[in-house]
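# Observations on chain architecture
The lines below spell out each chain.
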Amino acid sequence: MESEMTTDKIMTDEISLSIDGTEVTVPDGTTVFMAAQRVGIDIPHLCYDPALGLPPTGSCRLCVVEIEGQSGLVASCCHPAAPDMVVHTNTEEIRTTRRVVVQLLISDCPQECLICESCGECQLQKYAYELGVEQTALLKEPVRPEPIQDGPAIIYDHSKCILCGRCVEVCHNVEVTGAIDFLGRGFDTRISLPPGVPRDESGCTECGNCIDVCPTGALSFAGARRAGRVWELQRTVTICPYCGVGCQIVLHTRNNRVVKITGEPGLGVNQGRLCVKGRFGFDFIGHEERLTEPLIRRNGELTPVSWEEALDFAAQRLAELKSEFGPDAIGGLSSAKCTNEENYVMQKFMRAVVGTNNIDHCARLCHASTVAGLAKAFGSGAMTNSIDDLDQANAIFVIGSNTTECHPIIGAAIKRAAQRGVPLIVADPRAIELTEFATVYLQHKHGTDVALINGLIHVVLQDGLEDRDYIDRRTEGFEQLQAAVEQYTPEFVAKITAVPVADIIRAARIYANAPAASIVYSMGITQHITGTDNVLALANLAMLTGNVGKPGAGVNPLRGQNNVQGACDMGALPNVYSGYQKVDDDEVRAKFEAAWDVSLSPTPGLTVVEMMNAAAEGKLRALYVMGENPVLSDPDSSHVEEALRKLDLLIVQDIFLSETAQLADVVLPAAAFAEKEGTFTNTERRVQRVHKALEPPGEARLDWQIICDLARRMGYEMSYPDVAAIQDEIAAVTPIYGGITYDRLAEGALQWPCSDGDHPGTPIMHVEKFSRGLGKFHPVEFIPPQELPDDEYPFLLSTGRILQHFHTGTMSRRSDVLDELVSVGTIEIHPDDAEAVGIVDGQPVRVSSRRGQIEIGAHVTERVMPGTVFLAFHYREAPANRLTIAALDPIAKIPEFKVCAVSITKA
Amino acid sequence: MKKSANDQSASGPAPIQEAVKTVIDTLGISSESNLIGVLQEVQARCGYLPPEALEAISRRIKIPLSRIYGVVSFYAQFYTEPHGRHTIRCCRGTACYVRGGQRVIDAVKAELGVEEEQTTEDMMFTLQTVACLGACALGPLMVVDSTYHGNMDPRKALRVLQMYQEDSG
């Protein structure tokens, strides 16, 4: 009986057909093309790119097949498979047809394979060869328009273009940029930006995904010209070093240099798609300014020395300062750019060797409030769902995240959802790109997030849209929340936020009515003195509507750095060991003491900003910085610089002589990501392998080996044969990483929690119950930002990132394409304010706050609200953080980078 | 002589932008609108499709500008440069050709001093040639705006042109 039912089920959902004599069973609705792929038959194709995940266009006619009983040949990419169909994919008739198709296509190709960049990769060349297409009789008069280069990276050669339309598809329907399309008709038809529109105004972000999907040499990367062809390049699959999305990239290298970076079609969280930084931001790796030898400051100058000397000196000074001032006079900054293994070793060094919990890293400056807030509400401070989960969301609420610029691959996923008709709510003080796709755009005033979210909760409760069953079964503290939001009526909230009442109501209803709604947020939420409260408010909203623990929902903080999630997971935080195990928990500490064979400090250490303050006060005497640049990245940089100068010992381990390294007493040259083995953990908790493609330059060494050498010199035996051994130790002491081994990672990435060798990883957290048991509502009240505009400083300054650059610019500004795209920083100012200040677009302005001043060009735009200005923090010549305020969230100790008061005058 | 869009804008972009704005506003374009219909309507009212109009349509109808240019450049009916007050379409199809159609075209070109797809300096006429107008029995055929003028020869054709010039004069 049971077996019959099973058979029935297969009968209804699956169909069987024969392809070239092989029986194949596929789900109903599968195309003949995909069915053939299932049995390893790769039908020739040019216009269709299955890895794009888009419907086929069926235009090239190369994928034609014969179906018995049907007259003529049919395009297999568009033809659905049917039961008992008999398909032939490679008869003489088919080959003849394909030969004609290819002949027609190459008739206006210059056929210069001898010098073509794509030789060896070109699909047209491949099929011409396979089909034995000889010199075509259709050769028309050679027309050879000059290749077009609209931006710094992408070259379009019309004469090699077969008009398959893959680039147009990826631009319109995957990236949802729509910058290029077919232009003209007949022989003139070409791929083009809108005529007369400059590239940087066309929406083209120079992401280069069009290059990856181009089957011929029509689209290519200018920087890789004459640098080697496919058979001369070595391929290494690894993880992108920029943001927290964790895209899989392929490094193509030759003679120990990166020639180009591509995506791996259909693979990785990015499905082979990359953004402009990931694809073109690699020149820093082989840059001439890389540090190649250790340096020690002598007579005020940083002087090259041997590794022995540098390590001896650093270890000796650390030991001296430790014995004179105690271990807590020493601090360490770990790095969200380094691997998990290196972060683990770094925090272990600070705790087990130096003996302090003064270890922190830049997560303090981005998502400390997430880690604190979500841990309080859910029991775990990380993205609850996965990136591909956004495809299942019935509504998406983006707040405080300029996703398309800061996490472009996720930004594109959100745009695709909106294009499919999924309602999108965007809350942001700036009119960012996503607002063009928004169903409802809530332009709330800076720092009024708690009020706005409480307002949404108020409406949900007023309309009775909350999920009572979920609240009763899965949560606690609901009554307190209910009481707290009572006063946040839409009218009250509209007054605080400047968002119209109707929009607040509409947004709340869209969010609450969706069967599964996802919240996506980032620094706009976290970088406030109320950062933790903002996060708690979002957690409240999600739990209230039952939107935690199921597909398409969740509270999803997007992490900023490639491995900031991992650096947190590894315990590069002052209050926890790896896996968020508290240092002041006796049982936990006993476990680590046993594992590391040393006694450990029970006192939580100092956070980043607290370390700087302690240094300024002379309480912190030494700082060991690995791969961070606090001089540019931390708030109130004049104060930071002053603090660092006061130190008795500053050790900086980096790949460049950063602004921070320039102040150091010892500089240790480290390897870059492309020179390393290890793992990064992306924003969705996915632990992914990083692979070595290049040798480090000069004498630069791996971070973990440098740290181990220092430890040994300080009398603690720390050595590992390889990074896999470090991961084994991490797994042994870290329950959430317990089942993660290099053997398993070779099979594919794993999302923590992954407790043991059989655990499959966790794409969605808090499914049956929250990590802390019951989800806890935390009522939060609106508190205005610390420093608001006044008569003396009448503008509100907000800081952040732009698409083309990253953080302090150490990497991105040393990459030719990115630097050419945006070579100078600008401050965004509203046209009304520009007029009042008396400046026009491009004119320099002087921006002053209570802490410092800078000069920078104005970018006049309606993207910002009147009375507010926006500045990215990438520029050493105009450092945003000379202006920002080191006002801290009391719980997470995150600085309020998003709001401070400035004045603006004509420079 | 050929007139480019730049020459037009030299006489003042503001009036065009104003006109575009008025047209776009009165049409009430939304993302539900039919693109080709909108383009035809805007062209009928503005005389051609200025870049400002295409940008405005792109924003209203929420179709990328690249795609709008793709459509505009695909169809011969759309112009992105100012057209003359009257559009002359001369047939160069087989039936008209054997009856002397080319001589008609040459005469018109000589009279107006323009080549195909060009507009006279006084913005009176734009000359186009087409493959067939579907009224071969009337060949050689010349269509001005939407009026068919059959059985043309160079002399008759010039008279027709004169007629339009006088009407406008």
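Summarised in this report is the structure supplied together with it. (Residues numbered from 1 in each chain as written. Chains lettered and ligands numbered in written order. Predicted model: local features only at pLDDT ≥ 70, side-chain atom pairs only at ≥ 80, totals over all residues. Heavy atoms only, no water.)

On to the overall build of chain B. Summing up its helical and strand segments, chain B has 8 helices and 5 strands in all. Listing each helix as α and each strand as β along chain B from the N terminus yields α-α-α-α-α-β-α-α-β-β-β-β-α. Going through the 169 residues of chain B one by one, you find that 43% of them count as buried. The long-range share in chain B, meaning contacts at least 24 apart out of those at least 6 apart in sequence, stands at 65%. Carbon and sulfur atoms make up 50% of the accessible area of chain B, which amounts to about 8800 Å² in all. (Helix = DSSP H or I, 4+ residues; strand = E, 2+ residues; numbered from the N terminus. Buried < 20%, exposed > 50% of the residue type's maximum accessible area, 1.4 Å probe, protein only. Contact = heavy atoms within 4.5 Å. Areas by Shrake-Rupley, 256 points an atom, 1.4 Å probe, with all protein chains shown as cover.)

Before going further, it helps to spend a moment on the environment of Ile63(B). Structurally, the position occupied by Ile63(B) is in the loop between helix 4 (51-61) and helix 5 (65-74). In this structure, the C-alpha to C-alpha distance between Ile63(B) and Ser31(B), residues 32 residues apart in sequence, is 7.9 Å.

For the rest of this paragraph, the subject is a negative patch on the surface. Residues and elements named next belong to chain A. Together, Asp722, Asp728, Asp743 and Glu747 make up a region of like negative charge exposed at the surface. Positionally, Asp728 belongs in helix 27 (residues 723-733). Given the relative accessible area of 44%, Asp728 is considered partly exposed. (Patch = residues over 30% accessible without salt bridge, like charges linked within 9 Å, V, L, I, M, F, W, Y side chains within 5 Å. Salt bridge = Lys/Arg side-chain N within 4 Å of Asp/Glu carboxyl O. Lys, Arg positive; Asp, Glu negative; His and termini not counted. Charge placed at Lys NZ, Arg CZ, Asp CG, Glu CD.)

Turning next to the sheet that holds strand 26 (residues 622-626) of chain A. Residue and element names in this part refer to chain A. The strand order across the open sheet formed by 7 strands is 15-14-28-27-26-16-17, and the pairing between neighbours is mixed. At either end of the open sheet lies a strand with only one pairing partner, and these are strand 15 (301-304) and strand 17 (359-360). Taken together, the 5 bridges between strand 26 and strand 27 (residues 649-654) define a ladder with parallel strand orientation. Looking at the pairing, Leu623 lines up with Leu650 of strand 27. Of the strands in this sheet, strand 16 (330-333), strand 17 and strand 26 touch helix 23 (residues 608-616), which is tilted by about 140 degrees from strand 16. (Pairing = 2+ DSSP bridges. Axes fitted to C-alpha atoms, helices over the stretch in contact; angles between N-to-C directions.)

Moving on to the pairing of strand 22 (residues 517-521) of chain A. Residues and elements named next belong to chain A. Taken across its 5 residues, strand 22 has 5 buried, putting it largely inside the fold. The pairing of strand 22 with strand 23 (residues 555-557) spans 3 bridges and is parallel. Bridge pairing links Ile519 to Val555 in strand 23.

What follows deals with unusual backbone geometry. Of the consecutive residues Trp752(A) and Pro753(A), the connecting peptide bond is found in the cis state with omega at 0 degrees. Within the element layout of this structure, Pro753(A) appears in the loop between strand 31 (750-751) and strand 32 (775-776). The peptide bond linking Gly139(B) to Pro140(B) adopts the cis configuration, its omega dihedral lying at -10 degrees. One can find Pro140(B) in the loop between strand 3 (125-130) and strand 4 (142-144). Of note, the phi angle at Lys893(A) is positive, near 60 degrees, even though the residue is not glycine. Turning to its location among the elements, Lys893(A) is positioned in the loop between strand 37 (868-872) and strand 38 (900-906). You can call Lys893(A) partly exposed: its relative accessible area is 24%. Unlike most non-glycine residues, Lys62(B) shows phi in positive territory, near 60 degrees. Structurally, the position occupied by Lys62(B) is in the loop between helix 4 and helix 5.

It is worth spelling out the pattern of salt bridges at this point. Side chains that differ in sign of charge can pair as their charged atoms come close. Residues and elements named next belong to chain A. Under the criterion given, the structure shown has 51 salt bridges over all chains. Put simply, Glu92 and Arg99 hold a salt bridge, and the shortest N to O gap is 3.7 Å. The class of Glu92 is partly exposed, set by a relative accessible area of 43%. The residue Arg290 makes a salt bridge to Glu675 at a minimum N-O spacing of 2.9 Å.

A few words now on the interface of chain A and chain B. Counting residues at the interface gives 14 residues for chain A, matched by 11 residues for chain B. If you sort the residues of chain A by the area they bury against chain B, Asp181(A), Arg185(A) and Pro194(A) come out on top, with a joint share of 41%. On inspection of chain A and its partner chain B, the count reaches 1 salt bridge. A salt bridge links Arg67(B) to Asp181(A); the nearest nitrogen and oxygen atoms lie 2.5 Å apart. Among the elements of the structure, helix 5 (166-174) and strand 8 (181-183) of chain A are those that each provide at least two residues to the side of chain A that touches chain B. Of the residues assigned to the side of chain A that touches chain B, the class counts are 8 nonpolar, 3 polar and 3 charged. (Buried area = accessible area lost by both parts, 1.4 Å probe. Nonpolar A, V, L, I, M, F, W, Y, C, P; charged D, E, K, R; others polar.)

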